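Observations on the three-dimensional arrangement
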Amino acid sequence: MNNTKTNININNINNNITIYLKDKIDTTNAAIIENEINNVAANIHQDDKLILDFNDVTYISSTGLRIILNTKKKHNNMLIINVSLEVYDIFEVTGFTKLINIKKRYRNINIDNCEIIGEGACGIVYKYSDDQIVKVFKYDITIEEVEKEIELSRQAFILGIPTAIPFDIVKVNNKYGLIFELLPRHSVCKQLINKTLDVDKFIPIYASLFKELQKIKIEEGSFLNITDEYINKLDKYVKKYLTIDEYNRIKYLLLNTNDNSYIIHGDCHIKNIMLSDDDKPIIIDLETLSRGSKIYEFAGIYCSYISFSEADEQNTLKFFNMSQDIINNIFFGMMDILYPKNLYNQKEIYDKICIVSSILLISYVYMYEDGNNELRINQAIKHIKELIYQYDNLDI
């Protein structure tokens, strides 16, 4: 008898429960496998996603297909992933691909000797070949999240956002990656470090990029509402540090901005921008693309440029590999073009941006540092408490 074994892994973050299957699924082991699957499925919530990982499955018989169909009937929220071409053909011929969400196995690629040309909060970009680059996600994400970024890239391109559309999904050391046509060789960050790009030349280009983005207005419902995302962050990570009055106040400010129809990249710092040979910017890392007030765009980069470094003076050097003075020159130089001192109250603008950035900073501490950075949290809460009663809205 085939001693096929299953291994269960629970992803508490995304409510995904994965069962890993091996070898053949046929009459010799069907009863054992069905019993194990049923035991797992019986103990999960209907809203949870049941994932069957077929990476090591070499064959499935009609008996195995019946197990899959019965499991689907009991737990509708089911996905099958990493299916070989041979097994996928069986699913396709029998019509199962029309009944169940089934994903083929993605090819594995090696990036050991590939040059890093860009990096964002969620991914690192490598030059994979003479005419291709690959973005490798830093964290374990679902295939649905990968496909979502592809769709966001497509929508962004259609809207006129300067970006590229990935054309293939791959696996890199058990993480997902996206293959793109070759973009400019280096990010703006790397060009500045290598001194192939001058800071003073880049600043007006940077400002022009934001001007172009702010010309793009989108309808409600077409993208994720970033205000909702920030209120979720407020409730999940920040609320416990505030009084009821302070919480209500900052929530009121988030909900009362005049124009929420802007396209928001949300992480448009110099590691996520590349320049073409004719100095045209190209934006990468679109998983944070959303709709909202333009303050969220600036809060995202303020967090990367300023907020993180307040509690760790070496943060800018570690992440951008350049001094805080250069980063300040880039950010405030760009803002001076967009919001000149003779026309705008710059202190008010930076205070409002700081309020929103502080929410983002605390969420990052919990998402990527397990909440173990008291200095950053205290710094962000201090800003929030000091600033939320000085303004009646977050419009800039």
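Given the structure is predicted, the values throughout are model-derived calculations rather than measurements.

**Remarks on the nonpolar core**
Of all hydrophobic cores here, the largest spans 78 residues; its most connected members are Ile270 and Met334. Apart from the residues within four sequence positions on either side, isoleucine 270 is in contact with Ser187, Val188, Cys189, Leu192, Phe202, Tyr206, Tyr305, Phe320, Met322, Ile327 and Ile330. Among the nonpolar cores identified, the runner-up in size contains 27 residues, and Leu50, Ile80, Val83 and Ile102 belong to it.

**What to know about the pairing of strand β8 (residues 132-137)**
Most of β8 sits inside the fold, with 6 of its 6 residues counted as buried. Residues Gln132, Val134 and Val136 line one face of β8 and the alternating positions Ile133, Lys135 and Phe137 line the opposite face, and both faces are buried. Here strand β7 (residues 123-129) folds back onto β8, and the loop between the two strands holds 2 residues. Pairing of β8 with strand β10 (residues 175-181), which is carried by 5 bridges, proceeds in the antiparallel orientation. When the bridges of β10 are listed, valine 134 appears paired with isoleucine 179.

**Topic: the packing of helix α7 (residues 199-213) against helix α10 (residues 295-311)**
Where α7 meets α10, the closest approach of the two axes is 12 Å, and the angle between their N-to-C directions is 150°. By the criterion of interaxial angle, the relationship of α7 to α10 is roughly antiparallel. For the pair α7 and α10, the contacting residues are Tyr206, Phe210 and Leu213 in the first and Glu297, Phe298, Ile301 and Tyr305 in the second. Looking at the contact of α7 with α10 residue by residue, the class counts come to 6 nonpolar, no polar and 1 charged.

**With respect to a nonpolar patch on the surface**
On the surface, a nonpolar cluster with roughly 270 Å² of combined accessible area is contributed by Tyr139, Met367 and Tyr368. By relative accessible area, tyrosine 368 is classed as partly exposed at 34%.

Rules used in this analysis
- Residues numbered from 1 in each chain as written.
- Predicted model: local features only at pLDDT ≥ 70, side-chain atom pairs only at ≥ 80, totals over all residues.
- Heavy atoms only, no water.
- Core = buried A, V, L, I, M, F, W, Y, C linked by side-chain atoms within 4.5 Å.
- Buried < 20%, exposed > 50% of the residue type's maximum accessible area, 1.4 Å probe, protein only.
- Contact = heavy atoms within 4.5 Å.
- Helix = DSSP H or I, 4+ residues; strand = E, 2+ residues; numbered from the N terminus.
- Pairing = 2+ DSSP bridges.
- Axes fitted to C-alpha atoms, helices over the stretch in contact; angles between N-to-C directions.
- Parallel < 35°, antiparallel > 145°, perpendicular 65-115°, else oblique.
- Nonpolar A, V, L, I, M, F, W, Y, C, P; charged D, E, K, R; others polar.
- Patch = residues over 30% accessible without salt bridge, like charges linked within 9 Å, V, L, I, M, F, W, Y side chains within 5 Å.
- Areas by Shrake-Rupley, 256 points an atom, 1.4 Å probe, with all protein chains shown as cover.
- Salt bridge = Lys/Arg side-chain N within 4 Å of Asp/Glu carboxyl O.

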